[in-house]
Amino acid sequence: MRVHFRRISGRIWLGLLLPLCISSTAIAATANTPTSTAKKSGNTTSNTNKNSDLTSTVTQSYNADVSVQPGMIVQLKDKDPNTVTPLPADNIKALLGVVVPPNNATIVLTPEHVTVQQVLVATSGHYSVLVSNQNGPIKTGDYITISAIAGVGMKADSSQTEVIGKAAGSFSGTANVISSVSLHSDLGKATTVSIGRVPVDLIISHNPLYQKSADLVPTFLVKFATG
């Protein structure tokens, strides 16, 4: 793959999941096969805005549809290693990384021939991640895993096998809410969860809290979204 530093602003929509229409960025770039060379832009960290919670790292570009936006947790599409889709809770082992804005990537590996929308995916670094309070409020230091909402994280407990990293901020579910989603358990019980963003130190790994014998939490399904 060739290394690029191009960026093109755009807007991506989360569709029914986030009806408030969160702004995001689409990518255009040029490379196709991995290479061992990469060119870093100069003085990238010293000029970082002190108010930003994002740090530039090496990222890779993938094909994606308009439902994929910065902050989403993604997986590779089945039988298509060049395309990412929002990660569902029932496929946590396929966790790939988090979609990040192009302006926060120092080194970008991109495909040679771009015919569809591109997004950047990071597997390490310090980035803003879409989360919900499905498993309770998130505090600094909590491990983050995938929630019942595809592509959206939550606080991990002992029942998830994988985590994407540790929260470097908090989300109570009452402040800085982007949207809300109604979930239904397999027993028919309804609950409404809030969606927001927290900075996360990405380290995709086995969940250190996981206990194989732990009772599983009820299975939730996304029923509908409310503003």
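What you see is a predicted model, and the numbers here were worked out from it, not measured in a lab.

Comments concerning the overall build of the protein
A tally of regular secondary structure across the protein gives 0 helices and 14 strands. Along its sequence from the N terminus, the protein presents helices and strands in the succession β-β-β-β-β-β-β-β-β-β-β-β-β-β. Per-residue burial over the protein gives 47% buried out of 227 residues. Within the protein, counting contacts between residues at least 6 apart in sequence, those at least 24 apart form 71% of the total. Put simply, the protein shows about 11,400 Å² of open surface, and 53% of that area lies on carbon and sulfur atoms.

Quick word on the pairing of strand β7 (residues 118–122)
Counting buried residues along β7, 5 of its 5 residues qualify, which places the element largely inside the surrounding structure. Neither face of β7 is left uncovered, since the one carrying Q118, L120 and A122 and the one carrying V119 and V121 both have all their residues buried. For strand β5 (residues 95–100) and β7, the ladder comprises 3 bridges, and the chain directions are antiparallel. Residue pairing for β7: V98 is matched across the bridge by A122.

What to know about the confidence of the model for the protein
Confidence in the prediction of the protein, expressed as mean pLDDT, is 75, and 63% of residues score 70 or more. Scored below 50 in pLDDT, residues 1–56 shows 135 contacts in the model against residues more than four places distant or in partner chains.

Points about the side chain of Q160
Looking at where Q160 falls in the secondary structure, it is placed in the loop between β10 (153–155) and β11 (162–167). A polar atom in the side chain of Q160 sits 3.1 Å from the side chain of S159. Apart from the residues within four sequence positions on either side, Q160 is in contact with I92, N135, T145, M154, N207 and Y210.

Focus on the nonpolar core
With 20 residues, the main nonpolar core has I73, V129, V131, I144, I164, V200 and L202 as its most contacted residues. Contributions of two or more residues to this core are made by β5, β7, β8 (124–132), β9 (143–146), β11 and β13 (190–206). Setting aside chain neighbours within four positions, we find I144 in contact with V131, I138, G153, M154, K155, A156, V163, I164, G165, A167 and V200. With 19 residues, the next largest nonpolar core counts A64, L130, A148 and V181 among its residues.

So, how was this worked out
Residues numbered from 1 in each chain as written. Predicted model: local features only at pLDDT ≥ 70, side-chain atom pairs only at ≥ 80, totals over all residues. Heavy atoms only, no water. Helix = DSSP H or I, 4+ residues; strand = E, 2+ residues; numbered from the N terminus. Buried < 20%, exposed > 50% of the residue type's maximum accessible area, 1.4 Å probe, protein only. Contact = heavy atoms within 4.5 Å. Areas by Shrake-Rupley, 256 points an atom, 1.4 Å probe, with all protein chains shown as cover. Pairing = 2+ DSSP bridges. pLDDT = per-residue confidence, 0-100. Polar contact = N/O pair within 3.5 Å; in protein donor to acceptor, adjacent residues only side chain to side chain. Core = buried A, V, L, I, M, F, W, Y, C linked by side-chain atoms within 4.5 Å.

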